[in-house]
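What the coordinates show
Chain by chain, the residues run as shown.
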Amino acid sequence: MLNPDIHSITLNDEDYIRYSKHLIVENIGIEGQKRLKKAKVLIIGAGGLGCATSIYLVASGIENVGILDNDIVQFSNLNRQILYTRDDIDQLKVESAKKQLKKINDTCQIITHSFEINEINSMEVISYYDIIIDTTDNFSTRYIINLACYRLHKIYVYGAIEKFQGQLAIFNYKDGIQYNDLYQKTLNLDMNNCNINGIMGVTAGHIGILQSIEAIKIIIGFRKEHDNCIFLYNLINMKTTKKIIYANKNITSNELQVNREFKKREIKTENRIDICNNKSSEKKIIIDIRSRKEFKEKHINKSINIPLKYFKLDKVMNFIRKYSKTKILIIYCKTVNRSNIASLFLHTNKIIHQTI
């Protein structure tokens with residue numbers, strides 16, 4: 001529990017020595033260390049973020065840590081998942097992580113959950129913990145975590161990474177924002193995987209440590225209020241951006257209207273050739289989001305090429321918005337992942353479009 005009876009918790013002689021540097025920190029002290037000892041934290045995902053987060057949570061004195069993951073260690077994981085070595089390849093991540101974490105703090109109780117979280121088991125497993133740290137890499141799992149945390153009144157610490165960039169936010173904290181307020185489920189991003197553009201190992205370490213810091217701040221009572229925002233980190237430029245997130249509770253009718261517009265203009269897969277080649281082509285604009293090389297090899301007649309990576313630029317969004325007002329906007333790509341990401345940018349900018 002996050003508000004335990006401090007008087008019923010004791011620190012032994014070893015605790016006073018191990019955490020002596022914590023005890024002299026004004027915002028922690030003996031009371032804060034007791035709170036850490038009693039807290040129960042669940043880490044969902046034992047990958048790059050999960051490894052970095054778990055190391056510092058265990059080292060901080062949290063004595064009840066759960067790790068949920070059904071994956072095994074692969075050789076390609078070793079560049080960023082720092083709990084594992086060659087000896088752990090083909091072993092369950094949760095078991096290998098537990099073995100290494102016990103070496104860091106043998107008094108910590110590591111509870112392993114070697115299964116995939118889903119709509120059926122999420123309520124039960126999350127109910128045992130005080131704080132849930134999401135270190136997963138896909139949208140569908142995050143929606144499941146978000147819903148369970150909301151129903152059970154659990155705090156949800158979110159992190160995501162790509163290349164040298166990362167995101168961090170706190171959801172469901174003191175009636176604050178939820179994950180759905182950041183990425184609405186109506187965007188249909190379930191097929192998207194956040195790792196398609198690659199990850200630099202140090203990015204996982206950086207964001208994972210920040211997740212552990214936020215969890216510790218909540219446990220010791222340092223974080224008093226929610227700030228309803230997401231922090232965006234660019235490690236190449238050493239730039240941190242804070243963006244306010246607004247709850248979507250009062251815009252249900254607007255979302256429904258947008259969905260109606262999309263249904264009116266829905267494109268069926270079997271008609272994609274007719275749509276791209278019929279005589280009314282002047283009424284539509286087709287944007288091919290593949291790379292320059294893919295576009296040059298073969299593309300739809302009269303389509304224009306704007307590679308997906310440029311969708312982050314304001315001038316690109318302004319260009320697309322301008323032409324979408326007078327033409328039907330069609331996004332073309334051969335892969336679902338890239339189409340979903342492009343659709344996310346367009347939805348965020350309230351640009352009505354179709355994908356094929």
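Residues numbered from 1 in each chain as written. Predicted model: local features only at pLDDT ≥ 70, side-chain atom pairs only at ≥ 80, totals over all residues. Heavy atoms only, no water.

1. Examining helix H9 (residues 201-220)
Between the first and last C-alpha of H9 there are 29 Å, a value that for 20 residues agrees with the 28 Å anticipated at 1.5 Å per step. With 15 of 20 residues buried, H9 lies mostly within the body of the structure. One or two residues past the end of H9 sits Gly221, with phi positive at roughly 85°. (Helix = DSSP H or I, 4+ residues; strand = E, 2+ residues; numbered from the N terminus. Expected span 1.5 Å × (residues − 1). Buried < 20%, exposed > 50% of the residue type's maximum accessible area, 1.4 Å probe, protein only.)

2. Quick word on the pattern of salt bridges
One pass over the structure, following the stated rule, counts nine salt bridges. Asp106 is paired through a salt bridge with Arg18; the nearest N and O atoms lie 3.8 Å apart. Taken as a pair, Asp106 in the loop between helix H5 (93-104) and strand S3 (109-113) and Arg18 in helix H1 (residues 13-18) lie far apart in primary sequence, 88 residues in all. Residue Asp106 is classed as exposed on the basis of its relative accessible area of 53%. The salt bridge involving Asp71 is made with Lys93; its shortest N-O contact spans 3.5 Å. Highlighted residues: Asp71 in the loop between strand S2 (64-68) and H5 and Lys93 in helix H5, separated in sequence by 22 residues. Connected through salt bridges with shared partners, the residues Glu14, Arg18 and Asp106 form a single ionic network. (Salt bridge = Lys/Arg side-chain N within 4 Å of Asp/Glu carboxyl O.)

3. With respect to the pairing of S2
For S2, a buried count of five out of five residues is recorded, marking the element as mostly surrounded by other parts of the structure. Here S2 shows two buried faces, one formed by Asn64, Gly66 and Leu68 and the other by Val65 and Ile67. Taken together, the five bridges between strand S1 (residues 40-44) and S2 define a ladder with parallel strand orientation. In the strand pairing of S2, Leu42 is matched with Gly66. (Pairing = 2+ DSSP bridges.)

Nothing here speaks to function; it is geometry throughout.
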